[in-house]
Amino acid sequence: MTNIIITGCSTGIGLETAIYLSDKFIKVYPTARDQEDVQMLKDLGFEHAMLLDVNKPEMITSVINRVVEIDGHLDVWFNNAGFGQPGAIEDVTTDVLREQFETNVFGLHECTRQIIPVMREQGHGKIIQHSSVLGLISLFGRGSYNASKYAIEGLTDTLRLELSDTKIFPVLLNTGPITSHFRENAVKKLEENIDIDHSIFKERYLKNLKNAHKKVPFNEEAEAVASVVHKIILSDKPKPRYYITKATYLLGFFKRTLSTSLLDKILIKLS
């Protein structure tokens, strides 16, 4: 049976993907960084749910070893864990930016580099990297998150070249707006790490906080991501990247066809 390890399964895309794949008879090893979330996963029937903080290399090693011990192989790894830190570039301290990269980039990288030797030895594997439409285009006040997703794009594009003579497939997911707790958690990060009252962008921040719960255009449910992950698992040779949501297709098209100046004007209006 094909197996998959998914990081960041406490809520949203990770959790819904785990449930979706389990219903499709894929053996799922969901992980979360808090013990109460691991217990929640076990209560849902995921007996092999495990504790994993991607910022702790020894925990990554433990999860990998446990799966190989149980199944003798590791077929798919979905680097899903991550969060968004809002705030204008000048309002984001270097320490806050570093925290964004610790999980979204360095944690993802550590997971990736640890599973490659396992996949090389067994002769196959798929590494799914959760990027974003914001790994393709940038939005005002999203610099930290944009930078982390651009980094994932660069790492994965390079990794694809380095693994081109193997049957290990790195795959990028460029997701647009998906129903999850992502925006709710981003609001918390804005309030926690940005000095809103003393920012030149105070009015914009307050407006964004007021509109935080409004419906986002082109939003789709988490199943949209889960179904693509399932398609990747079933494919003998998955595509190097998958666009998810109409927003990604539209903005990806603009990125490829418009001048930088014209694209900037559109993105400013969207911000």
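Note that the structure is a prediction, hence the values are computed from the model and not measured. (Residues numbered from 1 in each chain as written. Predicted model: local features only at pLDDT ≥ 70, side-chain atom pairs only at ≥ 80, totals over all residues. Heavy atoms only, no water.)

K.L.:
A description of the overall build of the protein should follow, citing residues and the corresponding values.
P.N.:
Along the protein, the regular secondary structure elements total 10 helices and seven strands. For a compact globule of 271 residues, the expected C-alpha radius of gyration is about 18 Å, and the protein comes in at 19 Å, within 12% of that figure. The dimensions of the protein, computed from C-alpha atoms along their principal axes, are 55 × 40 × 30 Å. Burial analysis of the protein (271 residues in total) assigns 49% to the buried set. Restricting to contacts in the protein with at least 6 residues of sequence separation, those with at least 24 account for 69%. Working note: accessible area of the protein is about 13,900 Å², and carbon and sulfur atoms make up 53% of it. Distance from the positive charge centre (32 side chains) to the negative charge centre (34 side chains) of the protein: 8 Å. (Helix = DSSP H or I, 4+ residues; strand = E, 2+ residues; numbered from the N terminus. Rg over C-alpha atoms; globule rule 2.2 N^0.38 Å. Buried < 20%, exposed > 50% of the residue type's maximum accessible area, 1.4 Å probe, protein only. Contact = heavy atoms within 4.5 Å. Areas by Shrake-Rupley, 256 points an atom, 1.4 Å probe, with all protein chains shown as cover. Lys, Arg positive; Asp, Glu negative; His and termini not counted. Charge placed at Lys NZ, Arg CZ, Asp CG, Glu CD.)

K.L.:
Just give me the short version of the pattern of salt bridges, but keep the residues and values in it.
P.N.:
Summed over all chains, the structure comprises 10 salt bridges. We note a salt bridge from aspartate 71 to lysine 27, for which the minimum N-O separation is 2.7 Å. Of this pair, aspartate 71 sits in helix α3 (residues 57-71) while lysine 27 is found in strand β2 (residues 27-32), placing the two residues 44 residues apart along the sequence. What makes aspartate 71 partly exposed here is its relative accessible area of 21%. The shortest N-O distance in the salt bridge between aspartate 157 and arginine 160 comes to 3.0 Å. (Salt bridge = Lys/Arg side-chain N within 4 Å of Asp/Glu carboxyl O.)

K.L.:
So, the packing of helix α4 (residues 94-122) against helix α5 (residues 143-162): which residues are in play, and what are the values?
P.N.:
Pairs of packed helices are described in terms of their axes, by the angle between the two and the distance that separates them. One can describe the packing of α4 onto α5 by two numbers: an axis separation of 9 Å at closest approach and a directional angle of 20 degrees. Taken together, the axes of α4 and α5 are roughly parallel relative to one another. Like other packed secondary-structure pairs, α4 and α5 cross with a definite hand, here right-handed. Taken together, the residues of α5 that come into contact with α4 (itself represented by Leu97, Gln100, Phe101, Asn104, Val105, Leu108, Thr112, Ile116 and Arg120) are Ser144, Tyr145, Ala147, Ser148, Lys149, Ala151, Ile152, Leu155, Leu159 and Glu162. Counted by class, the contact of α4 with α5 contains 11 nonpolar, five polar and three charged residues. (Axes fitted to C-alpha atoms, helices over the stretch in contact; angles between N-to-C directions. Parallel < 35°, antiparallel > 145°, perpendicular 65-115°, else oblique. Left-handed = near helix turned anticlockwise from the far one by under 90°. Nonpolar A, V, L, I, M, F, W, Y, C, P; charged D, E, K, R; others polar.)

K.L.:
An account of the packing of helix α1 (residues 12-23) against helix α8 (residues 223-234) is needed here, citing residue identities and associated values.
P.N.:
Interaxial distance between α1 and α8 falls to 8 Å at its minimum, and their mutual angle equals 50 degrees. As summarised for this structure, α1 and α8 are arranged oblique, according to the angle between their axes. As α1 packs across α8, the resulting crossing turns out to be right-handed. Taking contact as the criterion, the partners of Ile13, Glu16, Thr17, Tyr20 and Leu21 in α1 are, on α8, Glu223, Val225, Ala226, Ser227, Val229, His230 and Ile233. Classifying every residue of the contact of α1 with α8 gives seven nonpolar, three polar and two charged.

K.L.:
Could you give me a rundown of the packing of aromatic side chains, with the residues and numbers involved?
P.N.:
Evaluated as defined, the whole model comprises five aromatic pairs. Geometrically, the ring pair formed by phenylalanine 101 and phenylalanine 106 is tilted, given 6.0 Å between the ring centres and 55 degrees between the ring planes. Accessibility expressed as a relative area gives 42% for phenylalanine 106, which makes it partly exposed. Taking the centre distance of 5.2 Å and the plane angle of 80 degrees together, the rings of phenylalanine 140 and phenylalanine 201 count as edge-to-face. Residue phenylalanine 140 is located in the loop between β5 (125-130) and α5, and its partner phenylalanine 201 is located in the loop between α6 (182-193) and α7 (202-210); the two are separated by 61 residues in the primary sequence. Among the residues examined, phenylalanine 140 registers a relative accessible area of 33% and is labelled partly exposed. Over the face of the ring belonging to phenylalanine 83 we find lysine 189, whose NZ or CZ atom lies 4.8 Å from the ring centre. The ring of phenylalanine 140 carries the charged tip of arginine 204 above its face, separated from the ring centre by 3.8 Å. (Phe/Tyr/Trp six-rings, centres within 6.5 Å; stacked < 30°, edge-to-face > 60°. Lys NZ or Arg CZ within 6 Å of the ring centre and 35° of its normal.)

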